Amino acid sequence: MFALLLATITACNQDSGSRELPELPPLPPLLAERASTAGPERPIRELIVALTGSVRGEVEVCGCPTTPYGGFERRGVLYGQLRSHGVPTFAVDAGEMLVKGLTARDEVDRRLRAEAVLDLAAAAGLDAWAASPLDLPPGGPAFLQEHGALSANWVPEGGAPLAAARVVEHEGVRLGVIGLSDLPGADDPDGAVRAVTAAMTEPVDLWVALSNASEAVNRAVAEGVPGLGAVLATQGESHDEPLATHGAPIIEVAARGRYVSVLHLTLGTDSRPVELVNRGVWKDVALARGRLASAGEGAAVVGAELERDAARLPGLTTGRNVAFVESVPLDAGYAPTDRGSGVSARLEGFRQSVLSSAAAASARPAPEGGYATGSSCAGCHSDRMASWGFDAHAHAMASLIHRDAQTNPECVACHSTGFGRPGGFAELKPERVEAFRDVQCEACHGPMAGHDGRGGKSSAPVTEATCRTCHDEANSPKFDYGAYRSQLSCVRVSGQSEPDR
Ligand code: HEC
Ligand code: HEC
Ligand code: HEC
Ligand code: HEC
């Protein structure tokens, strides 16, 4: 560890040249052991690993105000760009990919989404993914198995064990990927170490664990599995910075697919943990490599020169595995230019199936009469109607139009009233949407056709759960029931006004 750290530190102090190193303390036992078991040096190989995790069924760019990033289309563009550089590129997901949070309306919806996510992931070019117990869609364990989910330590209830690992090969480079699942209430670091060790059965260029497990399990595996290159994990507490350990580093990725953690690797062996370097060092390594590659007959001279640089640039020497990690936000720069094929076409297909599922649901008659829709309340509640007009809810559809997302069912569901609900709507034609646009009275009070304030139909209770169907953690991360509720015009005018008589 100290040796690795020092190598990195000296690498960072590039100006200090051949600075004397202080006396080194003895190697900690773990590393000493690791060093002695390191396999033979091998020719330098380069590769890129693009990591996502906790995508949680988010297929589109996030509508969120602060970080409008993400979505499978942009991910596909990023993978394509990385792959176009001629370096073998692997795309992997650490799990919690399939199932969306609270908004999933029902089983059909969840299954539809899980299938769409896997379809989109395949179209974007995902190579391997780890299963999480949170990924269990209707259809159960068999569904995970059929779609190649990996897990070395989790046997889904009522199902057979999943494949523990897979070897993916691109342009002659072999990446071994092991799945590691979170087992809430049954955290077993030692078991995880054994399971991962047992899964590393064949020779590859680099083994990585794809993990949605707890931090304790990740650390145990990173430090306790000889020959493991890195632990690539879903977001934990250290997602801002890769975490160095006494063994392999733990590299996390921000949740919901808004960012992709991209690892640029250069390998010099097949059995040592990856050492992390900063961007500056990485650039120097890449530059030096380039010079060597283009030196032709002068290679020997350049090689000797580089040899002298080797101490400063650990990635140049053989026998070491070096990586630089960057977190790439999937912003508008990755928007696809051709929306007619690949991921975009499949996304369009998914939107259509959401629409037909919503159409089937909204065709069912509402238990009591259905939606009266906004304008009809105005007749008797003109004051509430007027004050609601100043709420953000009243321009929810305008926000979508602003983003050109008014025909995207994925967005309309929360920026309107009664989408895909019995007695509601599903067709996104302007004239149909008009009556249901924005977050109207009945989005909170429930369908109220037939109500006239004379003892007939009355409001459904408005509770925190009512809000959370739309104010979920993805789209309203700062939601606080008390604070948000007090901002509602309805709450502010309550007690101050009576219905018009
Ligand atoms: C699960 C419900 C939900 C979905 C799905 C959803 N939104 Fe939203 N959206 C919200 C909520 C709730 C807010 C308010 C967040 C807050 O202020 O806490 C919001 C806020 C916004 C805002 C910010 C408005 C402003 O001016 O501050 C925009 C723009 C937006 N959404 C666009 C979209 C787009 C585009 C999509 C589809 C890709 C989408 N939303 C999908 C619930 C949703
Ligand atoms: C024909 C007139 C009329 C129309 C139209 C009407 N209301 Fe009312 N509403 C009343 C009256 C009168 C009361 C007061 C009853 C009371 O105080 O017991 C009332 C009470 C309410 C209440 C509180 C008591 C309850 O029933 O839960 C809510 C909420 C409400 N209305 C919502 C709506 C909404 C939403 C709409 C439009 C879909 C609407 N009203 C349309 C006349 C009307
Ligand atoms: C049908 C979905 C839906 C429901 C139900 C809903 N909201 Fe919203 N809410 C939204 C959307 C969408 C926005 C963003 C509108 C915009 O700016 O485009 C929003 C915005 C808000 C805002 C403004 C936030 C800001 O930053 O300006 C508040 C406050 C709010 N909601 C409170 C509530 C509360 C409290 C409840 C429950 C009583 C609730 N909402 C129920 C969809 C919903
Ligand atoms: C974002 C959710 C939301 C929307 C949209 C909304 N309301 Fe309300 N409304 C509430 C809440 C929460 C209360 C409870 C206020 C309280 O009890 O202090 C309430 C209270 C009321 C009451 C008084 C109920 C009572 O028992 O005193 C009436 C009437 C009412 N709303 C009508 C409307 C009408 C009409 C609209 C549309 C113009 C509307 N509301 C839109 C959440 C909403």
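Residues numbered from 1 in each chain as written. Chains lettered and ligands numbered in written order. Predicted model: local features only at pLDDT ≥ 70, side-chain atom pairs only at ≥ 80, totals over all residues. Heavy atoms only, no water.

1. Description of the overall build of the chain
Formally: Per the convention used, a helix needs a DSSP run of H or I reaching at least four residues, while a strand needs a run of E reaching at least two, with both numbered from the N terminus. A simple rule labels every residue: compare its accessible area, found with a 1.4 Å probe on the protein chains alone, to the largest value its type can have, and call it buried under 20%, exposed over 50%, or partly exposed in between. Two residues form a contact once any of their heavy atoms are found within 4.5 Å.
Within the chain one finds 19 helices and 11 strands. Here the chain, with 501 residues, has 47% of them falling under the buried criterion. In the chain, the proportion of contacts linking residues at least 24 apart, taken out of those at least 6 apart, comes to 69%.

2. Some remarks on the site of ligand 1
Selection criterion: Any residue with a heavy atom positioned within 4 Å of a molecule or strand is treated as near that molecule or strand. What qualifies as a polar contact is a pair of N or O atoms within 3.5 Å, subject to a donor-acceptor requirement within protein and to the restriction that residues adjacent in sequence count only when both atoms come from side chains. In the scheme used here, Gly and all other residues not listed as nonpolar or charged are polar, with Ala, Val, Leu, Ile, Met, Phe, Trp, Tyr, Cys and Pro taken as nonpolar and Asp, Glu, Lys and Arg as charged. An automatic or database domain assignment is the source of the domain bounds shown.
Looking at ligand 1, there are 17 residues lining it, with Cys411, Cys414, His415, Ser476 and Tyr484 nearest. A distance of 3.4 Å is found between a nitrogen atom of ligand 1 and a side-chain nitrogen or oxygen belonging to Asn475. In this structure, an oxygen atom belonging to ligand 1 sits 2.5 Å away from a side-chain N or O atom of Ser476. Elements with a contribution of two residues or more to the shell around ligand 1: α13 (396–402) and α14 (409–412). Tallied by class, residues from the shell around ligand 1 come to seven nonpolar, seven polar and three charged. Looking at which domains feed residues into the shell around ligand 1, each of domain 1 (2–14 + 29–334) and domain 2 (367–493) gives three or more.

3. A few points about the sheet that holds strand β5 (residues 173–180)
As a reminder, the rule being used: Pairing between strands is defined by DSSP: at least two bridges between the two strands are required. Only the stretch in contact is used when a helix axis is fitted, and all axes are lines through C-alpha atoms; the angle between N-to-C directions ranges over 0 to 180 degrees.
The strand order β4-β5-β6-β7-β8 describes an open sheet built from five strands, whose pairing is mixed. Whereas interior strands pair on both sides, the edge strands pair on one side only; in this sheet they are β4 (165–170) and β8 (250–252). Shown here is a sheet whose adjacent strand axes are inclined to one another by a mean of 25°, direction ignored. Strand direction decides the pairing type here: β5 and strand β6 (residues 206–211), joined by six bridges, are parallel. In the strand pairing of β6, Leu175 is matched with Leu206. Together, β4, β5 and β6 form the strand contacts of helix α6 (residues 189–199), whose direction differs from that of β5 by roughly 150°.

4. Description of the coordination of the iron atom of ligand 2
Each pair of donors in an ideal octahedron of six around a metal sits at 90 or 180 degrees, and each pair in an ideal tetrahedron of four sits at 109.5 degrees. Selection criterion: Here a donor is an N, O or S atom found within 2.8 Å of the metal, or within 3.2 Å if the metal is Na, K or Ca; sites may look incomplete because water is not among the atoms. The geometry test gives tetrahedral to four donors whose angles all lie between 85 and 135 degrees, gives square planar to four donors and octahedral to six donors whose opposite members are over 155 degrees apart with all other angles between 65 and 115, and gives irregular to the rest.
Each protein donor to the iron atom of ligand 2 is listed here as His381 (NE2) and His451 (NE2); together their distances run 2.0 Å. Its six donor atoms give the iron atom of ligand 2 angles of 87 to 179° at the centre, a pattern that matches the octahedral case. Pair noted here: His381 is in the loop between α11 (374–378) and α12 (382–388) and His451 is in the loop between α16 (441–445) and α17 (464–468), with a separation of 70 residues, a long-range link. What makes His451 partly exposed here is its relative accessible area of 31%.

5. Describing the sheet that holds strand β2 (residues 89–93)
Here we have six strands laid out as an open sheet, ordered β3-β2-β1-β9-β11-β10, and mixed in their pairing. Two strands lie at the open edges of the sheet, namely β3 (128–129) and β10 (274–276), each paired on one side alone.

6. Section: the coordination of the iron atom of ligand 3
Coordination of the iron atom of ligand 3 by the protein is provided by His393 (NE2) and His471 (NE2), with metal-donor distances spanning 2.0 to 2.1 Å. Each of the six donor atoms bound to the iron atom of ligand 3 contributes to angles spanning 84 to 179°, and the resulting shape is octahedral. Within this pair, whereas His393 is found in the loop between α12 and α13, its partner His471 is found in the loop between α17 and α18 (481–487), the two being separated by 78 residues in sequence.

7. Here we look at the pattern of salt bridges
Definition in use: Here a salt bridge means any side-chain nitrogen of Lys or Arg lying within 4 Å of a carboxyl oxygen belonging to Asp or Glu.
A full pass over the atoms with the stated rule returns 21 salt bridges. A salt bridge links Arg219 to Glu223; its shortest N-O distance comes to 3.5 Å. Separated by four residues within a single helix, Arg219 and Glu223 lie in helix α7 (residues 215–224), roughly one turn from each other. The shortest N-O distance in the salt bridge between Asp391 and Arg492 comes to 3.9 Å. Within this pair, whereas Asp391 is found in the loop between α12 and α13, its partner Arg492 is found in helix α19 (residues 489–493), the two being separated by 101 residues in sequence. For Asp391, a relative accessible area of 7% gives the class buried. By relative accessible area, which is 47% here, Arg492 ends up partly exposed.

8. Re the packing of helix α3 (residues 72–83) against helix α4 (residues 107–124)
The condition that has to hold: Just so you know how the angles are binned, under 35 degrees is roughly parallel, over 145 roughly antiparallel, 65 to 115 roughly perpendicular, and the rest oblique. Take the far helix as your reference; a near helix turned counterclockwise from it by less than a right angle gives a left-handed crossing, and one turned clockwise gives a right-handed crossing.
Closest axis-to-axis distance for the α3/α4 pair is 9 Å, and the angle between their directions is 25°. Taken together, the axes of α3 and α4 lie roughly parallel to each other. Where α3 crosses over α4, the handedness of that crossing is right-handed. Seen from α3, the contacting residues are Phe72, Gly76, Tyr79 and Arg83; seen from α4, they are Val117, Leu120, Ala121 and Ala124. Among the residues making up the contact of α3 with α4, the classes are represented as six nonpolar, one polar and one charged.

9. A look at the pairing of β5
Most of β5 sits inside the fold, with seven of its eight residues counted as buried. In this structure, β4 lies alongside β5, joined through six bridges in antiparallel fashion. Each bridged residue has a counterpart across the sheet, and for Ala165 the counterpart in β5 is Ile178. From the end of β4 to the start of β5, which pair antiparallel, there are two residues, and Glu171 there has a positive phi angle of about 45°.

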